[in-house]
Amino acid sequence: MANFGDIYENRKDSLKKKKFVKRVLIKENGKTSANAMEGKVIAAEGKYFYIKTKDEIVYEGEPGGTLISPNPNASLVAVGDDVFFKPVTHKTEFQAKILKIKKRRSQLARRAVGQIPFEHVIASNIENVIIFMSAAEPFYNKKLIDRLIIAADLGDMNPVIFINKIDLMPRDAVLEDLSVYFKLGIPCILFSVKSGENLDQMKTFLQGKNSVLVGYSGVGKSTLINSIIGTDLQSTSIVSYQTGKGKHTTSAVRMFNIPEGGTLIDTPGIREFALWGLLPDQLTFFFKEFDELFQNCKYNPCTHTHEPDCAVKAAVDAEIIDFDRYQSYLNILDSLINDK
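All of the points below concern the structure found in this document. Since the model is a prediction, treat every value here as computed from it, not as a measurement.

## Remarks on unusual backbone geometry
Working note: non-glycine residues mostly have negative phi, and peptide bonds are mostly trans. For the bond running from Glu137 to Pro138, omega is 0 degrees, close enough to zero to count as cis. A cis amide bond links Asn300 with the next residue in sequence, Pro301, at an omega value of 5 degrees. With respect to the element layout, Pro301 can be found in the loop between strand 14 (263–266) and helix 7 (311–317). Even without a glycine there, the phi angle at Glu56 is positive, about 70 degrees. If you trace the backbone, Glu56 turns up in the loop between strand 3 (48–52) and strand 4 (58–68). Residue classification places Glu56 among the partly exposed residues on the basis of a relative accessible area of 43%.

## Section: the packing of aromatic side chains
As enumerated under the stated definition, the model contains 11 aromatic pairs in all. Relative to Phe94, the ring of Tyr59 lies with its centre 5.6 Å away and its plane at 70 degrees, an arrangement referred to as edge-to-face. One end of the pair, Tyr59, is in strand 4; the other, Phe94, is in the loop between strand 5 (82–87) and strand 6 (95–101), with 35 residues separating them in the sequence. What makes Tyr59 buried here is its relative accessible area of 10%. For Phe94, a relative accessible area of 18% corresponds to the buried category. Arranged with centres 5.3 Å apart and planes meeting at 70 degrees, the rings of Phe290 and Tyr329 form a pair that is edge-to-face. Placement of Phe290 in the loop between strand 14 and helix 7 and of Tyr329 in helix 8 (residues 323–338) is noted, with a sequence separation of 39 residues between them. For the pair Phe290 and Tyr329, one class covers both residues: buried.

Thresholds applied
- Residues numbered from 1 in each chain as written.
- Predicted model: local features only at pLDDT ≥ 70, side-chain atom pairs only at ≥ 80, totals over all residues.
- Heavy atoms only, no water.
- Helix = DSSP H or I, 4+ residues; strand = E, 2+ residues; numbered from the N terminus.
- Buried < 20%, exposed > 50% of the residue type's maximum accessible area, 1.4 Å probe, protein only.
- Phe/Tyr/Trp six-rings, centres within 6.5 Å; stacked < 30°, edge-to-face > 60°.

In structure tokens, the structure reads:
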């Protein structure tokens, strides 16, 4: 039986040395060959994707020359995808060509970095987006939290906030600062992997669910996974003293099985997150605290920026709407307008 760890480690060095350019013909509909196998993508590194079958056999694959996918304008393959593939018999054992991507039930996606607009799908077919940050070293970023909440909503997933290293900050101060998310009904768990505080609560929440971890580097994602899985599967690093931000220790996207049930997808640390699939005039609907107010604005539609008699701005002045959340709204609105 193929061992994922061996396949993955043997491939890492060659991935650092090579760049691949391959043309793939995308068809939105079509049939696969009768002998095609089914599996789930459990890891991605460079052009290689690792597919696990129901029999727990892992194949190293890449898209074939023709790929059937209902997602022609997005990432061809993502961790979490359910796929059809064909083993390649003339190559090393457990090699494969991916033939078809099944429809994604949910996805975490962002605007790809670069000049050409593109939907970068980070992970698919999951229930929860775990917005994973730390109370300090580095400090959590509420503007990034707000963007990830919207991305979860856009991708038909539930946002959840995990704050690690709570032993480094006064707990009550952090709870007060994050109280707006509790009011919005978003689960928020404060814990410390190092001290063990609330670690059982966090682990219990993950059990039986399919989730993806996303956040800065240096917040303890790899250490958390090691704690959940019970072995040192992920390398860890310390926060960079020069920038105060974490050093990248994870360059691939990888799915782990939780011993008590469920899966957890680890992703590389992010520094920014550009939203995809959202128009500027739609943003209002993703700030739920605006729902009962924007209909009372004098102008419809209202951007809640410069218009007179704006109910949302009045609510901000009256401290009914959290000021930081409103600043996030303005920041995201500006980026959506300028990213066109």
